[in-house]
Amino acid sequence: MSELPPADVVVVGAGIIGAAVFHALADGGVKVTAVDAHRGGGGTTARCGGVVRVYHDDPVLRDRALLGWRYFRAFAEHTGVDVPFQACGFLYMPALDRGQFAETECARMAAAGHPVEWMSGAELARRFGGIVKGQACGAVWEPQAGYIDAEETTRGFLTAGQRKGGRLVEGVAVRGLCRRDGRIEGVDTDSGVVRARTVVLTTGAWTPALLTSWGVAHDLWAQAIQVDLRLPAAPVAEHPAYTDDVYDLNGRPHPESTGVYVGHPTGRRCAGDAPQPLDPAHSHRIKEAAAQRLRWADNSRSCGGLRAAECYAPDNRARVGPIGGDPALLLATGFSGGGFKMAPWAAAEVARLVTGAAP
């Protein structure tokens, strides 16, 4: 059996989560190898909007996202690779019965120095009435939020990780775990075995099928995600990134086309296959939902979009930690479509688990 050079940790999958983990471990002096069946950052990550914002209805996710927001705004300082952060602002419209909670949380966060503010329904209409319409109890406004190019950021993590001693192996598929006396000691790939004390799965939508095939119990599933690019009849100035829990919408501006990305949940589980063409029926649902919230949507036209798969978990908090009763097998997946902004937190958590550092 042929072998590739051994490592302390092998990271399987080099999307945004795997790349961030790879960099964090290399930065901490860990001997790490990342393996990807394709080109790192070219899968679901390449079809990600890269939105970076703080506020979440779940305080746990909010704290994780805050770490990500701080990290991505200073990406070059952390990695030595410059990827520009686009500060377009972020608007969050909570479900109608969560307005009071959101307002209270905004006040608490603002008092702690976080860049968020609460806008009443009247203030929302005054400031963003040319963009949004429909039912709203108010909105959270984050003027310093925005987005960063997802694929460039992933390649930045991988480049920085290699400069710090990590090994990146692309175009090589992992076929299974290597065990000795029942204990994991690496992975078997198309190009040979990579022996390592710890295996970290950052395989996104492929994870449920992999775990099932390896006989490891889990509660994850793959689900299709679709975001359409829509062009308004006239360019919309200063359009923010947004999430709307009333009409189930999310997206961000796309300045290169003067369009806006508009996403709406598909609710459809899938096999974690390679990206598929847009579903026209779902594009119609996206347009209908957008027309209820975005004032320009009725007179917009389609200009393509992005469809891929993501790994989902029941509580939307992801699975970052050991699985299968073996501390040598770690997961960092299940982000339910919101993993990009959580990547710095996930990387720090995996590094903590690998090195045994205090939380």
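Structure's up top.
We now turn to the structure provided with this report. Just so we're clear, the structure is a prediction, and the values are computed from it rather than from any experiment. Every chain is numbered independently, its residues counted from 1 as its sequence is written. Per-residue local features are limited, in this predicted model, to residues with pLDDT of at least 70; the limit for side-chain atom pairs, both in listing and counting, is 80 or more; totals at the level of whole chains, interfaces and linings are taken over all residues. To obtain the side-chain values, all non-hydrogen atoms of the structure were used and water was disregarded.

Comments concerning the nonpolar core
Generally speaking, a soluble globular protein has its nonpolar side chains buried in company with each other. The term nonpolar core refers to a set of buried residues drawn from Ala, Val, Leu, Ile, Met, Phe, Trp, Tyr and Cys, joined through side-chain atoms within 4.5 Å. Accessibility here uses a 1.4 Å probe with only protein chains present; expressed as a share of the type maximum, an area under 20% marks a residue as buried, one over 50% as exposed, and anything in between as partly exposed. Counting residues in each nonpolar core, the largest one holds 57 residues, and the members touching the most others are Val11, Ile17, Leu25, Phe72, Val140, Phe157 and Phe335. The element that contributes the greatest number of residues to this core is helix 1 (residues 16–27), accounting for eight residues. Phe72 has contacts with Val52, Phe85, Ile148, Thr153, Phe157, Phe340, Lys341 and Pro344, leaving out every residue within four places of it along the chain. Helix numbers and strand numbers start at the N terminus; a helix is a DSSP run of H or I with at least 4 residues, a strand a run of E with at least 2. Any two residues having at least one pair of non-hydrogen atoms within 4.5 Å are treated as being in contact.

A few points about the packing of aromatic side chains
Between rings of Phe, Tyr and Trp, where Trp is taken as its six-membered ring, a pair exists when centres lie within 6.5 Å; planes separated by under 30 degrees are stacked, by over 60 edge-to-face, and by other angles tilted. Summed over all chains, the structure comprises 10 aromatic pairs. Ring centres of Phe72 and Phe75 lie 6.4 Å apart, and the angle between their planes is 25°; on these two criteria the pair is classed as stacked. A relative accessible area of 1% places Phe75 in the buried class. Centre to centre, the rings of Phe72 and Phe157 are 6.5 Å apart; their planes meet at 65°, and the pair counts as edge-to-face. Taken together, the residues span a long stretch of sequence, with Phe72 in helix 2 (residues 59–73) and Phe157 in helix 6 (residues 150–163) at a distance of 85 residues. Judged on exposure class, the residue Phe72 and its partner Phe157 are both buried. As a reminder, the over-ring test applies to NZ of lysine and CZ of arginine, requiring each to be within 6 Å of the ring centre and within 35 degrees of the ring normal. The positively charged end of Arg252 is found above the aromatic ring belonging to Tyr147, 3.9 Å away from the centroid.

Points about the packing of helix 1 against helix 9 (residues 343–355)
Only C-alpha atoms enter the line fits that serve as axes; for helices the fit covers just the stretch in contact. Angles between N-to-C directions range over 0 to 180 degrees. At a minimum axis separation of 8 Å, helix 1 and helix 9 run at an interaxial angle of 45°. One finds that helix 1 runs oblique with respect to helix 9. The two elements helix 1 and helix 9 meet at a crossing, and its hand is right-handed. Between helix 1 and helix 9, the contacting residues are Ile16, Ile17, Ala20, Val21, Ala24 and Leu25 on the first element and Ala343, Ala346, Ala347, Val350, Ala351 and Val354 on the second. Relative orientations are named as follows: roughly parallel for angles under 35 degrees, roughly antiparallel for angles over 145 degrees, roughly perpendicular for angles from 65 to 115 degrees, and oblique for any other angle. Each crossing gets its handedness from the near helix: less than a right angle anticlockwise from the far helix is left-handed, clockwise is right-handed.

Points about the sheet that holds strand 13 (residues 198–201)
At least two DSSP bridges between two strands are required for those strands to pair. With mixed pairing, six strands are arranged side by side in an open sheet as 9-2-1-13-22-21. Of all the strands in the sheet, just strand 9 (167–170) and strand 21 (319–323) have a single pairing partner and so form its edges. Strand-to-strand twist of the sheet, defined as the mean angle between neighbouring strand axes without regard to direction, takes the value 20°. Where strand 2 (residues 32–36) lies against strand 9, four bridges are found, and the strand directions are parallel. Opposite Ala34, over in strand 9, you have Leu168 as the bridge partner. Running over the sheet, helix 1 touches strand 1 (9–12), strand 2, strand 9 and strand 22 (326–333) and is turned about 165° from strand 2. In the packing of helix 9 onto the sheet, contacts are made with strand 1, strand 13, strand 21 and strand 22, and the angle to strand 21 comes to roughly 25°.

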